[in-house]
Amino acid sequence: MKIAFTICSNNYLASAKILSESFLKYHPDYIFYIGLADKYPDELEIDYVGKATILEVEKLNICNLDCLYTKYNIIEFNTAIKPSYFLYFFEKLHAEKVIYIDPDTLVYSRFEEVESLLLSYNIVLTPHITRPVDDGFSPSDYETLRGGVFNLGFLALSNFNLIGDFLRWWSDRVLNYGFGDFSRSMFYDQLWMNFIPCLYDNYFILKHPGYNIAAWNLHERNLTVNNENDYIVNYKFPLRFFHFSGYKFNRPQSISTHLTRYNLEQRTDLIEIFKMYRHLLQANDVEKISSLPIYYYPGLYLHKSKKHTKFNNLAWRLKRSTQVLLTGK
């Protein structure tokens with residue numbers, strides 16, 4: 001069995017749906033799961049996600065789940081449960097290969113290199129960058145280093161007998177230390193991957209520029225279209241997937257909130273790919289979906305103001321913490 005999956009809360013279901021459709025278009029022999037760090041909303045038909053399968057986080061039976069979403073914010077929670085999903089797919093479903101992809105991603109061709117590598121390697125990672133950059137704009141290689149050498153918007157694993165210890169180690173670390181806090185040298189689930197070359201041997205760092213194009217590596221990658229209307233990276237490599245990290249559908253001229261180096265006026269090679277992604281989001285009711293209630297963080301979208309949003313989310317988390325301490329529920 002070959003499985004691909006993503007993780008999101010209800011507000012990102014439009015992105016997750018688009019990702020699943022684009023992945024299955026080129027990988028019909030895989031099962032695609034949307035790991036839902038939430039409870040599926042009553043407001044949405046179950047067939048909204050099409051051929052993807054919803055797997056709610058409570059089905060994983062994570063120990064002390066209540067404490068986990070009480071101590072973590074929504075991003076920390078979504079990333080901290082990632083190893084638990086890998087473990088579920090390998091242990092419960094007996095998958096042979098499992099690929100994780102962030103929900104704000106679009107697939108453009110089959111992952112031929114990854115599938116080949118997984119025959120020999122148990123862990124396949126993609127680096128944020130393969131060329132340094134420090135030009136006064138963000139992100140620089142220093143800023144990238146703070147978040148980790150490898151980007152965990154993608155991770156491919158195979159052969160659970162050989163990587164089970166890795167998954168248990170990683171799961172233990174992020175369930176305990178999965179905060180996004182630079183002041184404490186923490187960055188979600190991602191920073192832990194820096195240990196891979198030190199602790200494990202059978203891994204591969206995939207530098208193919210067609211994988212995981214995103215705001216952090218645009219200084220080293222450009223897009224063209226060949227005679228078959230396929231996207232090509234650096235005039236040679238097929239585009240496998242584009243990671244729209246930091247993109248906001250209501251800010252169509254901005255490539256990413258993480259990026260000050262370029263905008264779409266400067267990077268005309270990206271205009272069509274962003275235009276199509278925005279069209280897909282709108283066609284899948286992104287405005288409605290992004291406002292869906294979030295079960296574990298009900299105060300998050302009560303107010304549009306960031307100040308009020310943070311206040312209400314904090315107030316709810318404090319209330320939940322007290323409830324857990326007093327009742328154990």
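These numbers were taken from a predicted model, which means no experiment stands behind them. (Residues numbered from 1 in each chain as written. Predicted model: local features only at pLDDT ≥ 70, side-chain atom pairs only at ≥ 80, totals over all residues. Heavy atoms only, no water.)

**Q** Would you mind going over the pairing of strand 1 (residues 2-8) in detail, with residue names and values included?
**A** The buried fraction of strand 1 amounts to six of the seven residues, a majority that puts the element mostly inside the structure. Sheet topology note: the strand 1/strand 4 (residues 97-101) ladder contains four bridges and is parallel. Its bridge partner lying in strand 4, K2 is registered against K97. Bridge analysis of strand 1 against strand 2 (residues 31-36) gives six bridges, and the strand direction is parallel. Within the sheet, the bridge partner assigned to T6 lies in strand 2 and is I34. A crossover links strand 1 with its parallel partner strand 2, the connecting element being helix 1 (residues 13-26), and its sense is right-handed. (Buried < 20%, exposed > 50% of the residue type's maximum accessible area, 1.4 Å probe, protein only. Helix = DSSP H or I, 4+ residues; strand = E, 2+ residues; numbered from the N terminus. Pairing = 2+ DSSP bridges. Right-handed = clockwise from strand over helix to strand, strands pointing away.)

**Q** Summarise the nonpolar core; cite the residues concerned and give the values.
**A** Of all hydrophobic cores here, the largest spans 56 residues; its most connected members are L13, F111, F242 and I273. In terms of residue count, the dominant contributor to this core is helix 1 (seven residues). Here L13 is in contact with C8, I34, L36, Y40, P41, L44, Y48, V49, I54 and I289, once residues within four sequence places are set aside. F89, I163, W170 and Y296 belong to the second largest nonpolar core, which has 47 residues in total. (Core = buried A, V, L, I, M, F, W, Y, C linked by side-chain atoms within 4.5 Å. Contact = heavy atoms within 4.5 Å.)

**Q** Give a description of helix 7 (residues 160-177) that names residues and reports values.
**A** Over its 18 residues, helix 7 extends 24 Å from the first C-alpha to the last, a length consistent with the 26 Å expected when each residue adds 1.5 Å. For helix 7, the full list of buried residues reads F160, I163, G164, F166, L167, W169, W170, S171 and V174. Of the surrounding secondary structure, the elements contacted by the buried residues of helix 7 are helix 3 (74-80), helix 4 (82-91), strand 6 (123-125), strand 7 (154-158) and helix 8 (196-199). (Expected span 1.5 Å × (residues − 1).)

**Q** Go over the sheet that holds strand 3 (residues 53-56), please, and point to the residues and values.
**A** Here seven strands make up an open sheet; going across it, the order is 3-2-1-4-7-6-10 and the pairing mixed. At either margin of the open sheet sits one strand with a lone partner, and together these are strand 3 and strand 10 (203-205). When strand polarity is set aside, the average angle formed by the axes of neighbouring strands in this sheet is 20°. As judged from the five bridges shared by strand 4 and strand 7, these two strands associate in the antiparallel manner. Within strand 7, the position partnered with V98 by the bridge is L157. Sheet strands in contact with helix 1 are strand 1, strand 2, strand 3 and strand 4, and its direction is about 165° off that of strand 2. (Axes fitted to C-alpha atoms, helices over the stretch in contact; angles between N-to-C directions.)

**Q** Tell me about the pattern of salt bridges, and please be specific about residues and values.
**A** The final tally for this structure, using the stated rule, is 16 salt bridges. The shortest N-O distance in the salt bridge between K2 and E115 comes to 3.9 Å. One end of the pair, K2, is in strand 1; the other, E115, is in helix 5 (residues 112-117), with 113 residues separating them in the sequence. Classification of K2 as partly exposed rests on a relative accessible area of 22%. The salt bridge partner of R168 is E91, with a shortest N-O separation of 3.4 Å. Residue R168 is located in helix 7, and its partner E91 is located in helix 4; the two are separated by 77 residues in the primary sequence. A network of salt bridges, in which partner residues are shared, links K2, D29, R110 and E115. (Salt bridge = Lys/Arg side-chain N within 4 Å of Asp/Glu carboxyl O.)

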